[in-house]
Amino acid sequence: MAKIYAGLDIGSYEIKLVEVRKSGRQQIISQTAVVRTPMGSVERSQVLDVELVIDAVQSMLVESPLSTDKVVIGITSPEVVVKTVQMPLMPPKELEHALQFELPDIVRFPFESLKDITYSWEVLEKSERDQEILVVACRRSLIAPYIEIARRCKLELGVIDLPSFNMPRLFPNEKRVCVVDVGAVQTSVYVAEEGYYKVYRILPIGGQDITNGVMEAFSCDYETAERLKSQHHIDTLLTEGAGSKRLLRSAIQQFVGGILQTLEFLRAEDRLTNVRDAVSEVHLCGGTSLLKGFADVLTEELGVKVSEINPFSLYPLQQDGAELDGLGPIMVPALALALRGLEEK
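Residues numbered from 1 in each chain as written. Predicted model: local features only at pLDDT ≥ 70, side-chain atom pairs only at ≥ 80, totals over all residues. Heavy atoms only, no water.

(A) Highlighting the overall build of the protein. When you go through the protein residue by residue, the secondary structure sums to eleven helices and 15 strands. Here the C-alpha atoms of the protein give a radius of gyration of 20 Å, agreeing with the 20 Å that 2.2 N^0.38 yields for 345 residues. Counting over 345 residues, the protein shows a buried share of 49%. Expressed as a percentage of contacts within the protein between residues at least 6 apart in sequence, the contacts between residues at least 24 apart total 64%. (Helix = DSSP H or I, 4+ residues; strand = E, 2+ residues; numbered from the N terminus. Rg over C-alpha atoms; globule rule 2.2 N^0.38 Å. Buried < 20%, exposed > 50% of the residue type's maximum accessible area, 1.4 Å probe, protein only. Contact = heavy atoms within 4.5 Å.)

The following block contains the structure:
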């Protein structure tokens, strides 16, 4: 019997949905949908107006009905603490109690009770005496709106997870995977080795920063700048237009600097000579990855091959592929979340 799961990615700019059907070893994308996020309703994964988001998701489900009610919802927020800690070797139950005691020192925010936070942990590595633990935690108030959205939309919520942590599932044959997801207002950089966490970082810069730069360079409004981004090569945006290119150049430099700093951390940690030895390729997704020449600029500046992810070339589609032209990189987080759901028991 086929197993079906959906991934729901609620971003500041768009809400994306991908359903995956697994039959035997074959995984098929059986449904996709994308709608604009209601203005002002979501900011850096913090739901500010839950009613507007619920209306948008319900409308999307009417237009693009699912074959299942099972869903994994993603959250990408600087309010989520991701940290590794060293602990002595001990049985899992003792480790759970020890981590609860250490949580105030692990997380970066105050809390009065364990009921105020939600967290998970995973053993990354063990030695003769110690073990390295990955802890992910956030305030319960951050995820409460997502639970309400699932309930009101009659979706069975399997888990809330970080989309980036599941993107390496798209590349099962790569030992070390580096994925950069460029969102509207922030960018996540995640590196995993053989499926396990190596480094995760959120950069406070996104596609809107490039849009703002184009607005300044071409003295135009937001909608016109978005159209220019979709039509022109990045070199054209950097050279044409009568206005200042200061904001645009600064945005690109921040992308390069933030990603490079993350890769340099890996290089130094592994005591390697250059960044190319730390990662062989950077996989790029998110709406800004569609900007012509953006991946080439990153490749040149980072010294590592940067390529755009097209998930529809990795997984067969049940629907007409022509309808999805240009949407591939945008749908990667939702697809990764659906793949995570398929592993739920």
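(B) Structural detail: helix H2 (residues 92–106). The terminal C-alpha atoms of H2, which comprises 15 residues, lie only 18 Å apart, well short of the 21 Å expected from a rise of 1.5 Å per residue. Of all the bends in H2, the greatest reaches close to 35° and is centred on Gln 100; the proline Pro 104 follows between one and four positions later. Restricting attention to buried positions, one finds in H2 the residues Leu 95, Leu 99, Leu 103 and Ile 106. Turning to H2, the residues buried within the fold contact strand E7 (81–88), strand E8 (117–126) and strand E9 (130–139). (Expected span 1.5 Å × (residues − 1). Bend = angle between axes of the 7 residues up to and from the residue.)

(C) Representation of the pattern of salt bridges. With the rule as written, the count across this model stands at 15 salt bridges. A salt bridge links Asp 270 to Arg 176; the shortest N-O distance between them is 2.9 Å. Separated by 94 residues along the polypeptide, Asp 270 in the loop between helix H8 (246–269) and helix H9 (275–278) and Arg 176 in strand E11 (residues 176–182) bring together distant segments of the chain. Arg 340 is paired through a salt bridge with Glu 344; the nearest N and O atoms lie 2.6 Å apart. The network of salt bridges with common partners includes Arg 176, Glu 193, Lys 198, Glu 269 and Asp 270. (Salt bridge = Lys/Arg side-chain N within 4 Å of Asp/Glu carboxyl O.)

(D) Spotlight on the pairing of strand E2 (residues 14–23). Counting buried residues along E2, seven of its ten residues qualify, which places the element largely inside the surrounding structure. As paired elements, strand E1 (residues 3–10) and E2 share eight bridges and run antiparallel to each other. Bridge assignment links Ile 10 to a residue of E2, and that residue is Ile 15. Pairing geometry for E2 and strand E3 (residues 26–36), over ten bridges, is antiparallel. (Pairing = 2+ DSSP bridges.)

(E) Structural view of the packing of helix H1 (residues 50–63) against helix H3 (residues 140–152). Interhelical geometry of H1 versus H3 gives an angle of 40° and a closest axis separation of 10 Å. Comparing their axes, H3 and H1 come out oblique. The way H1 lies across H3 gives a crossing that is right-handed. Contact residues: H1 offers Val 50, Glu 51, Val 53, Ile 54, Val 57 and Gln 58, while H3 offers Pro 145, Glu 148, Ile 149 and Arg 152. Of the residues assigned to the contact of H1 with H3, the class counts are six nonpolar, one polar and three charged. (Axes fitted to C-alpha atoms, helices over the stretch in contact; angles between N-to-C directions. Parallel < 35°, antiparallel > 145°, perpendicular 65-115°, else oblique. Left-handed = near helix turned anticlockwise from the far one by under 90°. Nonpolar A, V, L, I, M, F, W, Y, C, P; charged D, E, K, R; others polar.)

(F) Geometry of the packing of helix H5 (residues 207–218) against H8. The N-to-C vectors of H5 and H8 enclose an angle of 160°; their axes lie 7 Å apart at closest approach. Here H8 runs roughly antiparallel to H5, going by the angle between their axes. As H5 packs across H8, the resulting crossing turns out to be left-handed. Residues Gly 207, Asp 209, Ile 210, Asn 212, Gly 213, Val 214 and Glu 216 of H5 form the contact with H8, whose own contacting residues are Arg 246, Leu 247, Leu 248, Ala 251 and Phe 255.

(G) Just the sheet that holds E9, in detail. Strand order in the open sheet made by the three strands is E7-E9-E8, with antiparallel pairing throughout. The open sheet has two edge strands with one neighbour each: E7 and E8. This sheet shows a mean twist of 25° between the axes of neighbouring strands, independent of strand direction. Strand direction decides the pairing type here: E8 and E9, joined by nine bridges, are antiparallel. From the neighbouring strand, Ser 120 faces E9, where its bridge partner is Val 136.

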